[in-house]
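Residues per chain are reported as follows:
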Amino acid sequence: MTVKGQCADRQTLTEWFELHGRDLPWRHSRDPWTILISETMLQQTQVVRVVERLGPFMERFPSPEAMAAASAGDVITEWSGLGYNRRAVALHRTAQAIYELHGGVVPSALADLLALPGVGPYTARAVRVFAFELDDAVVDTNIGRVLARWENRSLKPAEAQDFANSLVRRGGAWIWNQSIMELGALLCRPQPHCAACPVSRDCGWFLAGQPTPDPASRTAGVTTGQSRFEGSDRQGRGRLMRHLARQDVDEANLDDAMGWPGDPARADRVVQGMVTDGLVERLGTSYRLPA
DNA sequence: ATCCCGCCGT
DNA sequence: ACGGCGGGAT
């Protein structure tokens, strides 16, 4: 593709975003702490669910210092219902690290961000792009899917990141990353709506007739289907967290609390993992949220 | 049943 | 590279 073509497509896409992009709360913020929180929430939790929880969460923990002063259990409680509670524990540890290592100021250096618990390649760059407006490129599941279809081939992690980097213009990273991510979220979905896509005329996969397998399917960063939730260890973990939000649970009642009556062995095995994850503490014969 | 602005330990 | 990790909405 020509450089001229790339410029045309880029402008087409950002114009589409200005017109059709969703008005999401965090897109009005450039506060690094707010962006770090929202991006952490958005790791595998849907946008509509984060929208209604971000405000109250930020009121409870308005700064890294405020969260660092709270207990891990407090953060978990405020996190309740968002799922993958390890993220709440990681966030608490990250707040403490920011307070102790960076004077309470969210760092902007990639290496500093990547060193924070629960902050990986996506979230680190998201903070840099969406808060500090630095010229980086993020690759999430949406963008990975768009890029793979655009090139009509599966991309390895480094390939996807390099390709994404090459598309960013100086000073235009915020709007570009939002635009291409929004395209993946609204149109270039797992089941794509190519008829409404503003850049389909230059999309390799579309022009090839959308052959199977979808090149996005084996591309790095594109999430795949997960194992069944009903009857899983995850379900039992979730049940126990919900109980602990109200009161401590004695080890004798653990199997009931986790929804596995008569299977204390399983309850014990799974709760061990939760202790390792920092989600629960054992005190005497009972379990509670971490102090 | 499927999907969701990933990260981490293996 | 792969599997575990919540939970609600459709």
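Trainee: What am I meant to see in the overall build of chain A here?
Mentor: Within chain A, the secondary structure is distributed over 15 helices and three strands. Taking the principal axes of its C-alpha atoms as reference, chain A extends roughly 70 × 45 × 30 Å. Buried residues in chain A amount to 47% of all 291 residues. For chain A, the exposed area adds up to about 14500 Å²; of that, 51% sits on carbon and sulfur atoms. In chain A, 32 side chains carry a positive charge and 34 a negative one; their mean positions are 5 Å apart.

Trainee: Teacher, can you tell me more about the packing of helix 8 (residues 121-130) against helix 11 (residues 173-186) here?
Mentor: How two helices sit against one another is set out by the angle between their axes and by the gap between those axes. Relative to each other, helix 8 and helix 11 sit at 130°, their axes nearing to 9 Å. Between helix 8 and helix 11, the angle falls in the class oblique. Residue-level contacts link Tyr 122, Val 129 and Phe 130 of helix 8 to Ala 173, Trp 174, Asn 177, Gln 178 and Met 181 of helix 11.

Trainee: Would you mind showing me how to read the protein's contact with DNA strand B here?
Mentor: Taken together, 25 residues lie around DNA strand B, and Trp 26, Val 47, Gly 118, Gly 120 and Met 181 are the ones closest in. In the environment of DNA strand B, a phosphate oxygen lies 3.4 Å from a nitrogen or oxygen atom belonging to the backbone of Gln 44. At a separation of 2.9 Å, a base oxygen of DNA strand B approaches a polar side-chain atom of Gln 46. Among the secondary structure elements, those contributing two or more residues to the surface near DNA strand B are helix 8, helix 9 (141-151) and helix 11. Looking at side-chain class alone, the surface near DNA strand B contains nine nonpolar, 11 polar and five charged residues.

Trainee: Explain the nonpolar core to me, please; I cannot follow it from the model alone.
Mentor: General note: in soluble globular proteins, nonpolar side chains tend to be found buried as a group. Counting residues in each nonpolar core, the largest one holds 81 residues, and the members touching the most others are Trp 33, Ile 37, Phe 57, Met 67, Phe 130, Leu 183 and Leu 240. The contacts of Phe 130, once residues within four sequence positions are left out, are Ser 29, Arg 30, Ile 35, Glu 39, Tyr 122, Val 138, Trp 174, Asn 177, Gln 178 and Met 181.

Trainee: Whenever I open this one, the protein's contact with DNA strand C confuses me. Can you help?
Mentor: Taken together, 17 residues form the shell around DNA strand C, and within it Thr 45, Gln 46, Arg 49, Arg 237 and Gly 238 come nearest. Counting only the atoms of DNA strand C that lie within 4 Å of the protein, the sugar and phosphate share comes to 51%. Contact between DNA strand C and Arg 49: a base nitrogen at 2.8 Å from a side-chain N or O atom of the residue. Ranked by residues supplied to the surface near DNA strand C, first place goes to helix 13 (residues 233-246) with four residues. Counted by class, the surface near DNA strand C contains four nonpolar, eight polar and five charged residues.

About the cut-offs
Residues numbered from 1 in each chain as written. Chains lettered and ligands numbered in written order. Predicted model: local features only at pLDDT ≥ 70, side-chain atom pairs only at ≥ 80, totals over all residues. Heavy atoms only, no water. Helix = DSSP H or I, 4+ residues; strand = E, 2+ residues; numbered from the N terminus. Buried < 20%, exposed > 50% of the residue type's maximum accessible area, 1.4 Å probe, protein only. Areas by Shrake-Rupley, 256 points an atom, 1.4 Å probe, with all protein chains shown as cover. Lys, Arg positive; Asp, Glu negative; His and termini not counted. Charge placed at Lys NZ, Arg CZ, Asp CG, Glu CD. Axes fitted to C-alpha atoms, helices over the stretch in contact; angles between N-to-C directions. Parallel < 35°, antiparallel > 145°, perpendicular 65-115°, else oblique. Contact = heavy atoms within 4.5 Å. Near = heavy atom within 4 Å. Polar contact = N/O pair within 3.5 Å; in protein donor to acceptor, adjacent residues only side chain to side chain. Nonpolar A, V, L, I, M, F, W, Y, C, P; charged D, E, K, R; others polar. Core = buried A, V, L, I, M, F, W, Y, C linked by side-chain atoms within 4.5 Å.

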